[in-house]
Amino acid sequence: MAKTPFTKEQLLPQEEKLEIYRHKSELFIGIPKETSYQERRICLTPDAVNSLVSHGHKVMIEAGAGLSSSYTDKEYSDAGAAITNDTKKVFSCPIILKVEPLTIAEIEMVANNAIIISAIQLKTRKKEYFELLSKKKVTALAFEYIKDEDGSYPAVKSLSEIAGTASVLIAAELMINNEFGKGLLLGNITGVPPTDVVILGAGTVGEFAAKTALGLGAHVKVFDNSITKLRRLQNNLNQRIFTSTIQPKSLLKALRRCDVAIGAMRGKERCPVVVTETMVEHMKKGAVIVDVSIDTGGCFETSEVTTHESPTFIKNNIIHYCVPNIPSRYSKTASLSISNIITPYLLQIAEDGGLESAIRCNKGLKNGVYLYHGILTNKAIGDWFNLPDNDINLIVF
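Keep in mind it's a predicted model, so treat the numbers as computed, not measured. Sequence order as written defines the numbering, with residues in each chain counted from 1. Owing to the predicted nature of the model, reporting of local features is limited to residues with pLDDT of at least 70; listing and counting of side-chain atom pairs is limited to 80 or more, with chain, interface and lining totals taken over all residues. Values reported for side chains reflect all heavy atoms of the structure, with hydrogen atoms and water molecules removed beforehand.

Asker: Would you mind going over the overall build of the chain with me for this structure?
Answerer: A count of helices and strands for the chain gives 16 helices and 15 strands. Counting only C-alpha atoms and orienting by the principal axes, one finds that the chain spans roughly 90 × 65 × 45 Å. Burial analysis of the chain (397 residues in total) assigns 50% to the buried set. We call two residues in contact whenever any of their non-hydrogen atoms come within 4.5 Å of each other. Counting only contacts in the chain whose residues sit at least 6 apart along the sequence, the fraction spanning at least 24 positions is 65%. Just so you have it, the chain exposes about 19,900 Å², and 53% of that area is on carbon and sulfur atoms. Computing the positive centroid from 45 side-chain charges and the negative centroid from 43, the chain places the two 5 Å apart. Under the DSSP-based scheme used, a helix requires at least four consecutive residues in state H or I and a strand at least two consecutive residues in state E, with every element numbered from the N terminus. Under the scheme applied here, a residue whose accessible area is under 20% of the maximum for its type counts as buried, over 50% as exposed, and between as partly exposed, the area being computed with a 1.4 Å probe on protein chains only. Every accessible area reported is derived by Shrake-Rupley at a probe size of 1.4 Å, with residue values counting cover from the shown protein chains alone. Under the counting rule used here, the positive set is Lys and Arg, the negative set is Asp and Glu, and His together with the chain ends is not counted. Think of each charge as sitting on NZ of Lys, CZ of Arg, CG of Asp or CD of Glu.

Asker: Even after reading the chapter, I still don't get the nonpolar core, so can you show me in this structure?
Answerer: Soluble globular proteins tend to bury their nonpolar side chains together. To define a nonpolar core, start from buried Ala, Val, Leu, Ile, Met, Phe, Trp, Tyr and Cys residues and group those joined through side-chain atoms within 4.5 Å. Core analysis: the biggest nonpolar cluster contains 40 residues, and Leu44, Leu97, Leu346 and Leu365 have the highest contact counts within it. When residues of this core are traced back to their parent elements, those giving at least two are strand 1 (28-31), helix 2 (46-54), strand 2 (58-62), strand 4 (95-97), strand 5 (115-118), helix 12 (331-351), helix 13 (355-361) and strand 14 (369-372). If we ignore the near neighbours within four places in the chain, the residues touching Leu365 are Leu141, Ile146, Lys147, Tyr345, Ile349, Leu355, Ala358 and Ile359. Counting residues in each nonpolar core, the second largest holds 33 residues, with Ile170, Ala202, Ile262 and Val290 among its members.

Asker: Could you clarify how one ought to interpret the pairing of strand 13 (residues 318-321) in this entry?
Answerer: For a regular strand, side-chain orientation follows a simple rule: the groups alternate between the two sheet faces. Of the two faces of strand 13, both are covered, the one formed by Ile318 and His320 as well as the one formed by Ile319 and Tyr321. Any two strands with at least two DSSP-identified bridges between them are counted as paired. In terms of strand pairing, strand 12 (residues 312-315) meets strand 13 through four bridges, oriented antiparallel. Pairing of Thr312 across the sheet is with Tyr321, part of strand 13. In this structure, the hairpin formed by strand 12 and strand 13 is closed by a connection of two residues, where Asn316 is found at a positive phi of approximately 55 degrees.

Asker: What exactly am I supposed to notice about a positive patch on the surface here?
Answerer: Together, Lys157, Lys229, Arg232 and Arg266 line one region of the surface with positive charge. Within the secondary structure layout, Lys157 lies in helix 7 (residues 154-174). Overall, the relative accessible area of 36% leaves Lys157 in the partly exposed class. To count toward a patch, a residue needs a relative accessible area over 30% and no salt bridge; like charges are then connected within 9 Å, while nonpolar side chains (Val, Leu, Ile, Met, Phe, Trp, Tyr) are connected within 5 Å. In what follows, salt bridge is the name for a side-chain nitrogen of Lys or Arg lying within 4 Å of a carboxyl oxygen of Asp or Glu.

Asker: Would you explain helix 10 (residues 248-257) in this entry?
Answerer: An α-helical turn contains 3.6 residues, so any two residues separated by three or four positions project in the same direction. Three or more residues of helix 10 are buried, namely Leu251, Ala254 and Leu255. Along helix 10, the residues classed as buried sweep out an arc of 100 degrees about the axis, all on the same side. Among the exposed residues of helix 10, those oriented more than 90 degrees off its buried face are Lys249 and Lys253. Where helix 10 is buried, its residues touch strand 7 (196-200), strand 8 (219-223), strand 10 (260-263) and helix 11 (277-281). Of all possible arcs, the one meant is that of the directions from the helix axis to the C-beta atoms.

Asker: Any chance you could explain the side chain of Ser339 here in plain terms?
Answerer: Inspection of the secondary structure puts Ser339 in helix 12. For Ser339, the contacting residues outside a window of four places in its chain are Cys43, Leu44, Thr45, Ala48 and Pro344.

Asker: Explain the state of the cysteines here, please?
Answerer: By definition, a disulfide is the covalent link that joins the sulfur atoms of two cysteine residues. Cysteine sulfur pairs qualify as disulfides if the two atoms are within 2.5 Å. The full count for this structure, using the stated rule, is zero disulfides. Its sulfur unpaired, Cys299 is 4.5 Å from the next cysteine sulfur, which belongs to Cys271.

Asker: Is there a simple way to think about helix 6 (residues 127-135) in this case?
Answerer: Of all the residues in helix 6, the buried ones are Tyr129, Phe130, Leu132 and Leu133. Looking down the long axis of helix 6, one finds its buried residues gathered within 165 degrees of arc, a one-sided arrangement. With its phi angle positive at about 55 degrees, Lys137 sits one or two positions after the end of helix 6.

Asker: Explain a nonpolar patch on the surface to me, please; I cannot follow it from the model alone.
Answerer: Side chains of Leu185, Ile189 and Val192 sit close together on the surface and give an oily, nonpolar patch of about 280 Å² of accessible area. Relative to the elements of secondary structure, Ile189 occurs in the loop between helix 7 and strand 7.

Asker: How should the sheet that holds strand 13 be read in this particular structure?
Answerer: Note on sheets: strands pair through backbone hydrogen bonds, and any given pair is parallel or antiparallel. The sheet built from seven strands is open, its strands ordered 9-8-7-10-11-13-12 with mixed pairing. Of all strands in the sheet, those with a lone pairing partner are strand 9 (242-244) and strand 12, marking the two edges. Recorded for the sheet is a direction-independent mean angle of 20 degrees between the axes of neighbouring strands. With three bridges connecting them, strand 11 (residues 288-291) and strand 13 associate as parallel partners. Looking at strand 13, one finds that Val290 is bridged to Tyr321. Throughout, an axis means a line fitted to C-alpha atoms (over the contacting stretch in the case of helices), and angles, computed between N-to-C directions, take values from 0 to 180 degrees.

Asker: Honestly, the packing of helix 8 (residues 204-216) against helix 9 (residues 227-237) in this entry has me stumped. Any pointers?
Answerer: When two helices pack together, their arrangement is captured by the angle between the axes and the distance separating the axes. Between helix 8 and helix 9, whose axes approach to 10 Å, the crossing angle comes to 40 degrees. Crossing hand, helix 8 versus helix 9: right-handed. Within the contact between the two elements, helix 8 uses Gly206, Glu207, Ala210, Lys211 and Leu214 and helix 9 uses Leu233, Asn236 and Leu237. We call Asp, Glu, Lys and Arg charged. Ala, Val, Leu, Ile, Met, Phe, Trp, Tyr, Cys and Pro are nonpolar, and the rest, Gly among them, are polar. Tallied by class, the residues present in the contact of helix 8 with helix 9 amount to four nonpolar, two polar and two charged. Each crossing gets its handedness from the near helix: less than a right angle anticlockwise from the far helix is left-handed, clockwise is right-handed.

Asker: Help me understand the pairing of strand 5 in this model?
Answerer: Neither face of strand 5 is left uncovered, since the one carrying Ile115 and Ile117 and the one carrying Ile116 and Ser118 both have all their residues buried. With three bridges joining them, strand 4 and strand 5 adopt parallel strand pairing. Pairing of Leu97 across the sheet is with Ile117, part of strand 5. A crossover counts as right-handed when, viewed with the strands pointing away from the observer, the path leading from the first strand over the helix to the second turns clockwise. A crossover connection joins strand 4 to the parallel strand 5 through helix 5 (residues 104-109); in handedness this β-α-β unit is right-handed. Both strand 5 and strand 6 (residues 139-142) contribute to a ladder of four bridges, which runs parallel. The residue of strand 6 that forms the bridge with Ile117 is Leu141. As for the winding sense of the linkage, the β-α-β connection from strand 5 through helix 6 to strand 6 is right-handed.

Encoded structure:
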């Protein structure tokens, strides 16, 4: 008998296996009105709603949900959304889209086995938030955890771009000669020395703050402890600027001379405090501090959380602007940005035949899931709240 590398079973005729056709699924999305303090954004613009509706999906929006982003109910209903005043009805939709995390009262209204896509803001959550969602067997995704093909976090990145650009524009406003401003124009006028801007942190916020300040003609200095980040910043700016690691002596020298200091540092648990009160005391009278890192505690020792209504306070003769959630101030831009990120994902979920198959096909989307049918699948959350967590790759594969 001729020798063969195959076993007897392998040589027997096998049945043919055909590829299973994926059925497209129809999405039914509910967008409730934001109730969180100072939240003015909305997840989908009328154009995005129009795009979803034309693909055969349904969108239900609570009346007035888009007003603070200057989108009227009429624009949404023209785009094909159903508008309702009944909050409970919106929360009973199978998919819920929200910018801010849900409140405890809102979770009560959610249907069992619903899908929730929102921000999570881990540091402001309580343990019962996850316990209640898990009781309802909810599948939840967080904007902050959804990854792109290149491994970056698109939602975090684009909101950081807004915050970075805005920080310089806010500083420019605060330097005008109102009660305390120095009456300086942030820019470069012939024959006048340029404004000095110090930026702490060379991440996305720092990069966009530097781009905006340079665009206005200011003189920029960037400090960060990561040489890699500083190098990337230099390359992205296409010009050489002053960069340095954070050393008290050189930082103090820069702060003494600057007109504007922007805090854009990030930390694992809390943002590191880089500038002490003594350093702030040495700054010029009437200088401006914009602490963008106030979301995670702030990197100036003198920073205290303020609100969009009364955004500034004066301490040691320095104007401090420490409002968390700066992008909410530019609600329409921020809404457009979130909408452009989330709409392709929604269309993809429908194409793949629902979230189950979508997260099998898309690793980045799978990374966004922190609750899967009530099972906690995010280790960071499990560790933070001392809750049992499971690896999603062992549940979905």
